[in-house]
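# Examination of the molecular architecture
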Amino acid sequence: MTERMIEVQGLTKFYGDFPAVSGVSFSVNKGETVGLLGTNGSGKTTTMRVLTGYMPPTSGTVRVAGHDIAADSLEARRHIGYLPESVPLYADMTVAESLRFFGRVHAMDGASLALALDRALGAFGLGDYRDTLVGKLSKGYRQRLGLAQAVLHEPEVLVLDEPTVSIDPVQVVDARNLIRRLGEEHTVLLSTHQLGEASSLCERVVILHEGAVVAEGHPDAIAEQLHGARRISVEARAPAEQTAAALGAVPGVSFVGPSVLVEEGVYAFDVTAPLRSDVREPIVEALHAAGIALRGLGRSSVDLEDVFLQLTTGGQEEADA
């Protein structure tokens, strides 16, 4: 049975009379990297603050590694590494002093803290900056230090709030590579409004709008549900016209997109079929019967930005009008 490391059920948080989050429910399984998406004001940061014990919920429950964040807050927080959007760093401490301070906050000391500190410095490329004042670090290296602090006590769950905000494009690439590595050893919940980031880092996404969950799942699956159709990518070695004709004759295929030249003699197509129709085996059989060499067959990638806009701006209703 899959172990759930984060469980959010019916989470509601009011600020005065304003419901910042209303009835939010989702879960993250052990070893997953899940993206929490939404525009400014969608409830992402509030959800993360409640999840990490920074503030209590108005109603609903949040459990981390099986511990209720309200009823058993200290134990739940022992399992969490948190990187807030604004990383709390002390400019007049050195990198090593900063890590040592946060290690003691997590009740680490002695040989275990020294070992964890050295490990973090090495893992995040901070070894040469051990004695550098935090105030002299670039934004990218401050972000590295923030990630190092979040994992210093070896938590099972990492909660990262906008981890690549306000750093330059080269540093963004470095930060994303670090997050991918962390996802191999931790369960990660990642808040972002950058759709490309979610697509490249996350196995699933939870999309919030006005404090409520409007979609959850793999971006491709969400898109298919929105459009009521399944998109399949096909790559074959044959003249484009011959392949297009063979694909168009497959029962259940409703549309064959234009060909894209992959290499000499090889073309790729996007094929659309009804959502509940699995046309992959008929496509294989049809191309084989036509003497066409099939090079690849799989789910076609989707534009997450298009999905996001439809869910958060009413684009789907406009399209259907």
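Because the structure is a prediction, the values reported are computed rather than measured. (Residues numbered from 1 in each chain as written. Predicted model: local features only at pLDDT ≥ 70, side-chain atom pairs only at ≥ 80, totals over all residues. Heavy atoms only, no water.)

## Focus: unusual backbone geometry
The cut-off we apply is this: Elements are defined by DSSP. Helices are runs of H or I of four residues or more, strands are runs of E of two residues or more, and each kind is numbered from the N terminus. Type-normalised accessible area, obtained with a 1.4 Å probe on protein chains alone, sets the label of each residue: buried when under 20%, exposed when over 50%, and partly exposed for intermediate values.
The backbone of A65 sits at a positive phi, close to 55°, despite the residue not being glycine. Tracing the chain through its elements places A65 in the loop between β4 (59–64) and β5 (67–68). We classify A65 as buried; its relative accessible area is 18%. If you check the backbone angles, A107 has positive phi at about 65° while not being a glycine. Looking at the secondary structure, you find A107 in the loop between α3 (95–105) and α4 (110–123).

## Observations regarding the sheet that holds strand β1 (residues 4–15)
Basically, it comes down to this: Two strands form a pair only when DSSP identifies at least two bridges running between them. Every residue pair with non-hydrogen atoms within 4.5 Å of one another is taken to be in contact. Fitting a line to C-alpha atoms yields each axis, with helices limited to the stretch in contact; the angle taken between N-to-C directions then spans 0 to 180 degrees.
Within the open sheet, the 4 strands sit side by side as β2-β1-β4-β5. Their pairing is antiparallel. Two strands lie at the open edges of the sheet, namely β2 (18–29) and β5, each paired on one side alone. As paired elements, β4 and β5 share 2 bridges and run antiparallel to each other. Across the sheet, R63 pairs through a bridge with D68, a residue of β5. Helix-sheet contacts for helix α1 (residues 44–51) involve β1, β2 and β4, and the interaxial angle to β1 is about 115°.

## Here's the deal with the domain arrangement of the chain
Interface size, as often reported, equals the accessible area lost upon joining of the parts. Let me state the cut-off plainly: For each domain, the first and last residues come from an automatic or database assignment. Accessible-area loss on putting two parts together, using a 1.4 Å probe and summing over both, is the definition of buried area adopted here. A carboxyl oxygen of Asp or Glu within 4 Å of a side-chain nitrogen of Lys or Arg is what we treat as a salt bridge. Polar contacts, as counted here, are pairs of nitrogen or oxygen atoms within 3.5 Å of one another; within protein the pair requires one atom able to donate a hydrogen and one able to accept it, and residues that are adjacent in sequence qualify only if both atoms are side-chain atoms. In the scheme used here, Gly and all other residues not listed as nonpolar or charged are polar, with Ala, Val, Leu, Ile, Met, Phe, Trp, Tyr, Cys and Pro taken as nonpolar and Asp, Glu, Lys and Arg as charged.
By domain assignment, the chain separates into domain 1 (4–223) and domain 2 (228–320). Here domain 1 and domain 2 have C-alpha centroids that lie 37 Å from each other. The junction of domain 1 with domain 2 conceals about 1,200 Å² of combined surface from both sides, 78% of it contributed by carbon and sulfur atoms. When residues of domain 1 are sorted by the area they lose upon contact with domain 2, L195, D220 and A223 head the list and together hold 42% of the total. If you look at where domain 1 meets domain 2, you find 0 salt bridges. There are 0 residue pairs in polar contact (both at pLDDT 80 or more) connecting domain 1 and domain 2. Those elements giving two or more residues to the side of domain 1 that touches domain 2 turn out to be α7 (195–201), β9 (204–209), β10 (212–217) and α8 (219–227). The biggest single contributor to the side of domain 1 that touches domain 2 is α8, with 5 residues. When grouped by side-chain class, the residues that make up the side of domain 1 that touches domain 2 number 11 nonpolar, 5 polar and 1 charged.

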